[in-house]
Amino acid sequence: MKKIILNLLFLIIPSFVFAQSISIKVLDKIDSSPIENIKVESKGKVFFTDENGLIFVDKELFPLEMKINDFRYYTKKIKLDQSQNIEIELTHKGFILSDIVINSNFYSKKLQNNNTSTSIIDDLEFRKNEGEFLINSLNQINGIYSHSAGYNTNRITIRGMGSRSPYSTNKIKAYLNNIPLSNSVGETSIEDFGIDILDQIEINKGPNSSIYGSGLGGNIILKSSKNFDKTVNLRSIYRSFDTYQNSISFSKKINKINLFLNLDKIKSDGYRDNNTYDNNRIFGSINYEISKNYSIDLIHFNNSANALIPSSLSLENFINDPSSAAFSWRNVKGGEDYNRSVTGFTFNSKKSKYTSSTTIFFKTFNNNENRPFNYLIEDSDSYGFRHIGKFQLSPFNVSYGLEYSYENYSFNTWDEYGTEDESIITQQTQKRKNYNFFFQFDRSFENSFLTFGIGSNKINYNWVEEINSTSFSYNTKTILSPRVSYNHNLNNSSIFANISHGFSSPNIDETLDENGLVNSEIKPETGWNYELGLIGTAKNNTLSYVFSLYYMDIKNLLVAQRTNFDTYTGVNAGRTSHPGLETTINFPLYRSQNLNISSSNNISKYWYIFKDFNNRGTDYSQNKLTGVPTHTSYSKIKIDYKNFNAQISYQNIGKIPMNDANELYSEAYSLVDFKISKLFIINNLDINISSGINNIFDKRYASGIVINARGFGGRDPRYYYPGLPRNYFISLKLSI
């Protein structure tokens, strides 16, 4: 009888206690996973979250103000009036690498448990204070180098892939959540997206992701925000060169619906002549939780930009007059006027035995570009679907997916466009189809897990030259790309290794010979990637690190040959070798209750060469790969003191081979930047004031290189895009 009474008391007392308390759950914003051992302070009391991310607070203490201060996450102060169970989401700073949650491979996991080379852009909230340009953020990541010619012209390379694309990003796929952003010939433009709308940016380097295709360069995944902590955010930024950026964001959760809207405008006179830029963009999303197991997402993005193009400069003008524009482009006021839209509808299903996500998407792109040699008009409409799912097939977790896209692309070029003497030069309609299918098997062991994946890829191009009614077509055989990856956990660290196959398809220009006919001998680039890495954190979080050693062997190298001002052909000219070393080391310099000083460091070394490269009878074998720096490094020291933040950073870029013969190199350069911000809290109003200086020592450098540039009409070749001289910004952000 005594035991029965004690057991009843044991069951009743906790229920009574919890009935008088409110549960507060602390979650990671990326995947809503609970965070353990987070310190929460309120009314002189200190709480620590349990393994389920929970603390319990007596109802009688409400209303109350809580402060969450953990050096791994952004500090949060919250006023709570409601006496019901509450969830609080925290945003990771990205300093403790092994703690970072990634979910680009459909399975949310901590970075330490990943078996491929994945990076994120850290300190995202701090970057938002100045509206940092997304391309600049990517340029600080190991393995990535971006050639930048301005807001609207950029070329991203990952581990050397994409370096031979003339003016745009190629061989790298990008996604906005589950929506593919790359077009059907593999070209990607992510510079139109503002950092304000994103919660996380993940970069998978090399052909390591079955789920996002087996592109040789890897992929960039943009994770959009569903809501902000505050309902309304207003931000105004002024930068050098009469650059203004103004934005307003609205977010609200109404029952089971998350609403998010962002309006953003950038207007700039530009550093160089013929360099004005005017961009208006809108992003909206609706997330509706139908039930515990089902939800839907609707996303729409629209971007309208008008940008003049100063183009590249010769060495003489780069040194003596870097703010000038190329004469031919300035003379015609060359530039582009384009509109881009992305719309996606996603249905998510999450059950105990089966999870899936199905997206239908529609994209448009319209562009008018005035160029010295002709006038270009292009229109693109594309649609498709993407479905991924996962289920358990003991002892494996199985993922599968398929992606299909169809693009109807048309362009025409004109001479003397808009005048009485206008005449059409070319008129072409292209129909592009892409197919991608994959399977992935994950097997967990006690301290490790193994992944095997295989992707199937196929492209189909059909196009018509309307003027002479000539039809063309190009198809690739189905390409199978396997990969195997392994991760072994060693308490505070883990070792990962992977072997993977990837490919890169030619674009339509690269399928043509010099006579404008289809070259059926053109093959996609293919290659194998071998990688070994170590990721971990020392005891007491005194050191966080990632080391990665890799080697990529690429064959059937696609080389674009320029035959005229705006026409290219492609040839398979050989083989390239991509060995490299990437290192990230983060460590605290000082840590206390109110003051944290930390150091973050990214260092990459590249030994990329043409392993076997013969182009038009000239042998370039063993030369360094064109368009890629010999090394990159980025280091910063960050000071967090209460509501005050300061950062000083140092970036060093090695010299870049500018032509295949390695006769010309750009100069190595170093940049130092400084940023500072202060947050003021007045009742429910947050005021953030930020300012900074970029390129403090006013270093002259080339932010982008045109490889193998040719001079026309007896003029010097124009290799150089000048980087910005010393420049300033000041930002004001209001959050209500």
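Calculation criteria
Residues numbered from 1 in each chain as written. Predicted model: local features only at pLDDT ≥ 70, side-chain atom pairs only at ≥ 80, totals over all residues. Heavy atoms only, no water. Patch = residues over 30% accessible without salt bridge, like charges linked within 9 Å, V, L, I, M, F, W, Y side chains within 5 Å. Areas by Shrake-Rupley, 256 points an atom, 1.4 Å probe, with all protein chains shown as cover. Salt bridge = Lys/Arg side-chain N within 4 Å of Asp/Glu carboxyl O. Helix = DSSP H or I, 4+ residues; strand = E, 2+ residues; numbered from the N terminus. Buried < 20%, exposed > 50% of the residue type's maximum accessible area, 1.4 Å probe, protein only. Core = buried A, V, L, I, M, F, W, Y, C linked by side-chain atoms within 4.5 Å. Contact = heavy atoms within 4.5 Å. Polar contact = N/O pair within 3.5 Å; in protein donor to acceptor, adjacent residues only side chain to side chain. Lys, Arg positive; Asp, Glu negative; His and termini not counted. Charge placed at Lys NZ, Arg CZ, Asp CG, Glu CD. pLDDT = per-residue confidence, 0-100. Pairing = 2+ DSSP bridges.

A.B. asks: Honestly, a nonpolar patch on the surface in this entry has me stumped. Any pointers?
C.D. replies: Together, Phe445, Leu450, Phe452, Val484, Tyr486, Ile499, Trp528 and Tyr530 give the surface a local cluster of nonpolar side chains, amounting to about 670 Å² of exposed area. Elements with a contribution of two residues or more to the nonpolar patch: β27 (448–465), β29 (479–490) and β31 (525–537). Among the structural elements, Tyr530 can be located in strand β31. For Tyr530, a relative accessible area of 38% translates into the label partly exposed.

A.B. asks: Please clarify how the nonpolar core should be interpreted in this entry.
C.D. replies: In this structure, Leu138, Ile156, Ile190, Ile201, Ile203, Ile220 and Leu222 are the most contacted members of the largest nonpolar core, which totals 31 residues. Within the residue set of this core, elements represented by two or more residues are α3 (134–138), β12 (154–158), β13 (173–176), β15 (198–205), β16 (218–224) and β21 (294–308). Excluding its chain neighbours within four sequence positions, the residues that come into contact with Ile203 are Ser117, Thr118, Ser119, Ile121, Leu138, Ile141, Ile144, Ile158, Asn219 and Ile220. If you look at the next biggest cluster of nonpolar residues, it comprises 19 residues, including Val40, Phe47, Ile55 and Ile88.

A.B. asks: What should I look at first to understand the side chain of Ser485 in this one?
C.D. replies: Within the fold, Ser485 resides in strand β29. A polar side-chain atom of Ser485 sits 2.8 Å from a polar atom in the side chain of Arg483. When residues no more than four places from it in sequence are discounted, the contact partners of Ser485 are Asn115, Thr116, Phe449, Leu450, Thr451, Ala497 and Asn498.

A.B. asks: Before we go on, may I ask you to explain a negative patch on the surface in this structure?
C.D. replies: A contiguous patch of negative charge on the surface is contributed by Asp415, Glu416, Glu420 and Asp421. By secondary structure assignment, the location of Glu420 is in the loop between β25 (396–415) and β26 (423–444). Overall, Glu420 belongs to the exposed group, its relative accessible area being 81%.

A.B. asks: How should I be thinking about the confidence of the model for the protein chain in this particular structure?
C.D. replies: As a note on interpretation, predicted positions should not be read in detail where pLDDT is low. Summarising the model, the protein chain shows a mean pLDDT of 89, and 95% of its residues fall at 70 or more. Contacts from residues 6–19, a stretch scored under 50 in pLDDT, to residues over four places away or in other chains number 3 contacts.

A.B. asks: Looking at this model, I keep getting lost on the sheet that holds strand β14 (residues 179–180). Mind explaining?
C.D. replies: Whenever strands of a sheet pair, they do so through backbone hydrogen bonds, lying parallel or antiparallel. Across the sheet, 5 strands lie side by side as β10-β15-β16-β13-β14; this open sheet has mixed pairing. One side of each edge strand has no neighbouring strand; the edge strands of this open sheet are β10 (118–120) and β14. Bridging between β15 and β16 involves 7 bridges; their strand directions are antiparallel. Across the sheet, the residue bridging to Ile201 is Leu222, located in β16.

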